[in-house]
Amino acid sequence: MMKSLQLKIMNSLLARVVLSFMAVIAFNATAHTQNINQDWQYLESNETSFNKAKADNNWQSVTLPHTWNATDTVDSTPGYRRDASWYSKTLTLPKGAEKTHRYVLYFEAVNMQAEVYVNGKKAFEHIGGYIGFDVEITPYLNTSGSNEVLVRASNEYNRDLIPSQKSDFFIHGGITRDVWLKKLPKNFISGVQVDTPDVSVQSAKTVITTEFDVQHSQKALLTYTLVGPNNEKVSLKTKQVSLKPGKQAVIESLNELNSPKLWSPKNPNLYNLTVSLSSGGKELQKVEQVVGYRWFEMRANKGFFVNGEKMLIRGTHRHEEHAGLGAAMPNQLHYKDMQQIKEMGANFVRLGHYPQDPEVYKAANELGLVIWDELPWCRGGIGGEVWKKNTETLLKAQIKQNRNEPSIAFWSLGNEMYWEEDFEGGGDPEKITPYLKKLNKIAKDLDPSRITTIRKYYPGAELVDAFSPSIWAGWYGGSYGQYGEAIKSSMKKYPTFLHMEYGASSHVGRHTEYPISKDGMQGAQVSVDEAMNQAVVKSVAKDSDWTENYAVDLFDWHLIVSESTENFAGNAQWAFKDFGTPLRPENPIPYMNQKGLVDRNGKPKDAYYVFASHWSDKPFCYIESKSWTHRNGPKEGQKVDVFCNTQSAELSLNGKSLGEKQRDANIFPAGGLVWQVPFKNGVNTLSVVGRTKSGAEVTDELKVHYLIGQHGKFDRIQLTAKTLSNGNKLIEAQALDKDGNRVLDYNQRSYFFNMTSHGTLLENQGTPTGSSLIEMASGYAAIEFIPGDKPTTIEYRNQNVKGVYLAL
């Protein structure tokens, strides 16, 4: 049955939201576009005068992407640099190049405000971060061919820009994404939009709108070539056009496509469209764009559908940052994040809380991940006229830039918008709700093909197509055992309900034999809602010690519920990777939100394997846990959970089988793969063999130091070092009792120091081995050290230990 791609919400029990794919120009595949990330100069100065900045002697070489907040966000000093800096680059072009071509710089993002100068003249000013922009530099070029570009970038405090300063993440400053130089003809294609007004399993229609920037009248030929997923040419069409000075657009329909190969998370089929502009038999410009034929729906009380088939949203969230780099990530790391998410078995990513690097959407398109793209209206309430203008400008730019991506299903208009107002009265729903209605109309007018949505602004729940309330069962409130009832209650309240954000923080290596149960913490807030002021409530988030075991159990329970609840649209865990935040200075790793399934370097925590056990198709087994290597208990031993996605698993202790168990994904915990293990005193070897239905086997192994009985009181800190594969040293601190047993309940805040200038502690990374200030995890802490040319001494301290020293 043919599906109309106009978005429709029906006032019946079956409300369907049907989406199309619409595309905008992508220049980076053309022969006339060049990446210019190399050979920039950087001046860390908030100087406002162009001439004074240029004359400064403190310029230094950098490569883009770049941020001045790569490490200061997570160092031990409160605050981070919210200021301005300058970037400079010399462009060498052929002499007289401006006479035959037009030249445009494309910045994928400058956070948060930019002024661009070319040969001493101000060429452009851009307000707002996270979005790309073009700067035509042709009128400013020198006839000599040597041209100087200077950019003043600023992330200075400005409450008229979203996101709010009170958001739970850092606002990195700098040229944080790629920069491109585009060489274009005098008359060039400035935009391509691809609409698919009708798509079904049987056929698909394609309408192409080509926009032009024209300097002089010209007869030209447009050639449209559509190539299928198997590199087969499926459509070829030409059109004569008469170009007139100014802006204009040409609309053309391709031949109807029979039996299109549809895009979906399971089969991310992509077509490639080429639009070629030629005149007098010479090709002037070629624009390439991926196209995906598919449709999305939110059906009231039925869930989320892709191409007419129910898809349970199995999702997570992504912030744009990495250890040691902040937001200035190279493309391969953006892609790697998305690849890890896909390998875990997810089919959905909410981009929190801002549009992200173009490589992220490219990865989602190619890997098959449905995207929730979010306007950065995160907290702060509503501002005045300048704030509104900036917010609307950003929304329009975001939709124009990203509407083309096949993977995007949702335009989110904001998150927690009425929290922590930046303007007096800015959190008033009587002000926010009418404005939200306006933003929703803007989104619909610009792109009627996507689902609009918000999270945690209850007065606006009925204004958008889909809504997510706040449910943090077992973390900010209530117990995780309440999750099933909580989502059923929300499904009754909100016909097109999906659940964004749930989870738990975990400090890598911190473990307990007896985590808080599904019934929750005694005396904690009963409601699963998130209180704005956590200081006045008791919760697991505030009043527990963030063990990996508790996070594992919470996620396992949530997944069992979400996988088995009929008509549930699905949910997205918060968040995939640990990320920096100015709001959490006293966390075990200061200034880090530690709710990630992987650490800030992308190394999986235990919880990652819980998700993979429910979602991944690639067979694996994982013994809980690689960071739980020291345990105490009775001579009867302790229970061991094994997370597998195989049909069965057999666990052995020191080479002796403890029996084979059949896995049932609906059994808590670990699908029933739990063994009582009679550890011996000392070092034990656990090994597991997982077996699939086809008989294939996967294995895992873990060494556990077991103490029959309990360790004694804390006696001393022991410092040791071991050499890593990269040649660096891992400095390890252990809390020991008088008999040399690790004290597993010792979780003191610890400090590492290098006592000389020789060598470097790898600190300010926000990772378990990249923080010189960190809480111990079950009596253990470590930091990586880069050796120098001469010996040095490492010192460890905490509040009660005045100094332990290790000579290197």
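Residue numbers here run from 1 along each chain, matching the order of that chain's written sequence. Confidence filtering applies because this is a predicted model: local features only for residues at pLDDT of at least 70, side-chain atom pairs given and counted only at 80 or more, and all residues used for totals across whole chains, interfaces and linings. Processing note: side-chain calculations cover all non-hydrogen atoms of the structure and skip hydrogens and water entirely.

**Some words on the overall build of the protein**
Secondary structure elements follow DSSP: runs of H or I of four or more residues count as helices, runs of E of two or more count as strands, with numbering from the N terminus. A tally of helices and strands in the protein yields 10 helices and 50 strands. The globule rule used for comparison is 2.2 Å times the number of residues to the exponent 0.38, while the radius of gyration itself is calculated over C-alpha atoms. For 808 residues, the compact-globule estimate of 2.2 N^0.38 gives 28 Å, and the C-alpha radius of gyration of the protein, at 28 Å, lies within 12% of that figure. Considered along the principal axes of its C-alpha atoms, the protein spans approximately 90 × 70 × 55 Å. By definition, residues are in contact when any of their heavy atoms lie within 4.5 Å. Of all intrachain contacts in the protein linking residues separated by at least 6 positions in sequence, the fraction that spans at least 24 positions is 70%. Areas reported as accessible are Shrake-Rupley estimates using a 1.4 Å probe. Residue values count occlusion only from the protein chains shown. Here the protein displays about 31500 Å² of accessible surface, and carbon together with sulfur accounts for 48% of that area. Each charge class in the protein can be summarised by its mean position, and for the 90 positive and 89 negative side chains these summaries are 4 Å apart. Neither His nor the chain termini are counted; the positive set is Lys and Arg, and the negative set is Asp and Glu. To locate a charge, take atom NZ for lysine, CZ for arginine, CG for aspartate or CD for glutamate.

**Focus on the packing of aromatic side chains**
Centre distance and the angle of the planes are the two values used to describe a pair of aromatic rings. Classification of ring pairs uses Phe, Tyr and Trp, with its six-membered ring standing for Trp, and accepts pairs whose centres are within 6.5 Å; under 30 degrees between planes counts as stacked, over 60 as edge-to-face, and the remaining range as tilted. The final tally for this structure, using the stated rule, is 41 aromatic pairs. On the basis of an interplanar angle of 55° and a centroid distance of 6.0 Å, the ring pair of Y480 and W557 is categorised as tilted. One end of the pair, Y480, is in the loop between β30 (466-468) and α7 (483-493); the other, W557, is in helix α9 (residues 548-564), with 77 residues separating them in the sequence. Grouped by ring-pair contacts, the aromatic residues W263, F296, F304, F348, W372 and F410 constitute a single cluster. Here, over-ring charges are defined by two tests on the NZ atom of lysine or the CZ atom of arginine: distance to the ring centre within 6 Å, and angle to the ring normal within 35 degrees. Note that R81 overlies the ring of W68, its terminal NZ or CZ placed 5.1 Å from the centroid. Sitting above the plane of the F305 ring, R299 keeps its charged end 3.8 Å from the centroid.

**Observations regarding the confidence of the model for the protein**
A score between 0 and 100, pLDDT records how confident the predictor is in each residue. Chain-level statistics for the protein give a pLDDT mean of 93 and a share of 96% at 70 or above. Scored below 50 in pLDDT, residues 1-31 shows 127 contacts in the model against residues more than four places distant or in partner chains.

**Points about the side chain of S278**
Turning to its location among the elements, S278 is positioned in strand β20 (residues 271-279). The contact partners of S278, leaving out residues within four places of it in the chain, are A220, L221, E283 and L284.

**Observations concerning the packing of helix α5 (residues 385-402) against helix α6 (residues 429-446)**
For helices, the fitted axis covers only the stretch in contact; all axes are lines through C-alpha atoms, and the angles between them, taken along N-to-C directions, range from 0 to 180 degrees. Following both chains from N to C, one finds α5 and α6 inclined at 25°, their axes separated by 10 Å at the closest point. Judged on the interaxial angle alone, α6 and α5 are roughly parallel. The handedness of the crossing between α5 and α6 comes out as right-handed. Across the interface between the two elements, W387, K388, T391, E392, L395, K396 and I399 of α5 pack against Y435, K438, L439, I442, A443 and L446 of α6. By residue class, the composition of the contact of α5 with α6 is eight nonpolar, one polar and four charged. The scheme is simple: roughly parallel for angles under 35 degrees, roughly antiparallel for over 145, roughly perpendicular for 65 to 115, oblique for anything else. In this scheme the handedness of a crossing depends on how the near helix is turned from the far one: anticlockwise by less than a right angle means left-handed, clockwise means right-handed. Classification convention: Asp, Glu, Lys, Arg as charged; Ala, Val, Leu, Ile, Met, Phe, Trp, Tyr, Cys, Pro as nonpolar; all other residues, Gly among them, as polar.

**Describing the sheet that holds strand β22 (residues 296-299)**
Taken together, three strands build an open sheet; the order of strands is β22-β23-β24 and the sheet is antiparallel. Either end of the sheet is taken by a strand with one partner, and the two such strands are β22 and β24 (309-310). For two strands to be treated as a pair, DSSP must find at least two bridges joining them. Here β22 runs beside strand β23 (residues 303-306); their pairing, made up of four bridges, is antiparallel. Across the sheet, M298 pairs through a bridge with F304, a residue of β23.

**Concerning unusual backbone geometry**
Cis geometry is found at the peptide bond from L64 to P65, where omega equals -5°. Mapped onto the elements, P65 comes out in the loop between β4 (60-62) and β5 (84-92). The phi dihedral of N119 falls on the positive side, at around 50°, and the residue is not glycine. Following the sequence through the fold, N119 ends up in the loop between β7 (113-118) and β8 (121-127). Although it is not a glycine, Y130 sits at a positive phi angle of roughly 75°.

**Here's the deal with the pairing of strand β28 (residues 408-415)**
To sort residues, take the accessible area from a 1.4 Å probe on protein chains only and compare it with the maximum for the residue type: under 20% means buried, over 50% means exposed, and anything in between is partly exposed. Judged by how many residues are buried, β28 sits mostly within the fold: eight of eight residues are covered. With four bridges connecting them, strand β27 (residues 370-374) and β28 associate as parallel partners. Paired with W372 across the two strands is F410, which belongs to β28. Clockwise travel from the first strand over the helix to the second, with the strands pointing away from the viewer, marks a crossover as right-handed. Once you follow β27 into α5 and on to β28, the crossover reads as right-handed. Across four bridges, β28 lies against strand β29 (residues 451-455) in parallel orientation. Each residue of the ladder has a partner; that of F410, found in β29, is I451.

**Overview of the packing of helix α3 (residues 331-343) against helix α4 (residues 358-367)**
Between two packed helices, the angle of one axis relative to the other and the distance separating the axes together describe the packing. Across the interface, α3 lies against α4 with an axial gap of 9 Å and an inter-helix angle of 35°. Pair α3 / α4 crosses with right-handed handedness. The residues of α4 that touch α3, namely those facing N331, H334, Y335, M338, Q339 and K342, are E359, V360, K362, A363, A364, E366 and L367. A class-by-class count of the residues in the contact of α3 with α4 yields six nonpolar, three polar and four charged.

**Notes on the pairing of β22**
Side-chain positions along a regular strand alternate between the two faces of the sheet. Residues F296 and M298 line one face of β22 and the alternating positions E297 and R299 line the opposite face, and both faces are buried. Taking the residues that link successive antiparallel strands as the turn, the β22-β23 hairpin has three residues, and the phi of N301 there is positive, at about 60°.

**With respect to the state of the cysteines**
Our working definition of a disulfide is a cysteine sulfur pair at a distance within 2.5 Å. Scanning the entire structure with this criterion turns up one disulfide. Each sulfur of the disulfide joining C621 and C644 lies 2.1 Å from the other. Its S-S torsion of about 115° marks the bond between C621 and C644 as right-handed, since a negative value means left-handed. Here the residue C621 occupies a position in strand β35 (residues 621-623), and C644 occupies one in strand β37 (residues 638-644), the gap between them amounting to 23 residues. The residues C621 and C644 share a single accessibility class, namely buried.

**Concerning the environment of R318**
Of note, R318 is situated in strand β25 (residues 313-318). R318 sits in the buried class, given a relative accessible area of 2%. Counting of polar contacts relies on pairs of N or O atoms within 3.5 Å, with two restrictions inside protein: one atom must be capable of donating a hydrogen and the other of accepting it, and residues adjacent in sequence are counted only when both atoms are side-chain atoms. A distance of 2.9 Å separates polar atoms of two side chains, one belonging to R318 and the other to H334.

**Comments concerning the sheet that holds strand β16 (residues 218-227)**
Here four strands make up an open sheet; going across it, the order is β17-β16-β20-β21 and the pairing antiparallel. Two strands close off the open sheet at either side, each with one partner strand: β17 (233-243) and β21 (282-291). In this sheet, neighbouring strand axes are inclined to one another by 15° on average, regardless of whether the strands run parallel or antiparallel. Pairing geometry for β16 and β17, over 10 bridges, is antiparallel. Bridge pairing links T223 to T238 in β17.

**Considerations on the nonpolar core**
In this text, buried Ala, Val, Leu, Ile, Met, Phe, Trp, Tyr and Cys residues form a nonpolar core when linked through side-chain atoms within 4.5 Å. In this structure, M338, W377, W475, F555, I717, F752 and Y796 are the most contacted members of the largest nonpolar core, which totals 115 residues. Setting aside residues no more than four positions away along its own chain, W377 makes contact with I162, I382, W387, L413, G414, N415, M417, I432, Y435 and L439. Core analysis: the second largest hydrophobic core is formed by 28 residues, Y103, F107, V116 and V149 among them.

**Describing the environment of V179**
Summarising the element assignment, V179 is placed in strand β11 (residues 179-184). It is 4.7 Å that separates the C-alpha atoms of V179 and F107, two residues lying 72 residues apart in sequence. For V179, the residues in contact, after removing those within four places along its chain, are Q34, N35, I36, N37, W40, L64, Y106 and F107.

**Quick word on the environment of N35**
By secondary structure assignment, the location of N35 is in strand β2 (residues 33-35). N35 gets classed as partly exposed once you look at its relative accessible area, which sits at 32%. Distance from N35 to Y106, taken between C-alpha atoms, is 9.5 Å for residues 71 residues apart in sequence. Each residue touching N35, except ones within four places of it in the same chain, is listed here: D178, V179 and W180. A distance of 3.0 Å separates the side chain of N35 from the backbone nitrogen of N37, its partner in a polar contact.

**A word on the pattern of salt bridges**
We define a salt bridge as a contact between a side-chain nitrogen of Lys or Arg and a carboxyl oxygen of Asp or Glu at a distance within 4 Å. Taken as a whole and assessed by the stated rule, the structure comprises 48 salt bridges. One salt bridge in this structure joins R102 and D213, with 3.0 Å as the shortest N-O distance. Residue R102 is located in strand β6 (residues 102-107), and its partner D213 is located in strand β15 (residues 207-214); the two are separated by 111 residues in the primary sequence. The residues R102 and D213 share a single accessibility class, namely buried. Where D739 meets K738, a salt bridge forms, and the shortest distance between an N and an O atom there is 3.7 Å. Residue class for D739 comes out exposed when judged on its relative accessible area of 56%. Look at K738 and you get exposed, because its relative accessible area is 65%. Sharing partners across several salt bridges, the network here consists of R350, E374, R379, E416, R455 and E501.

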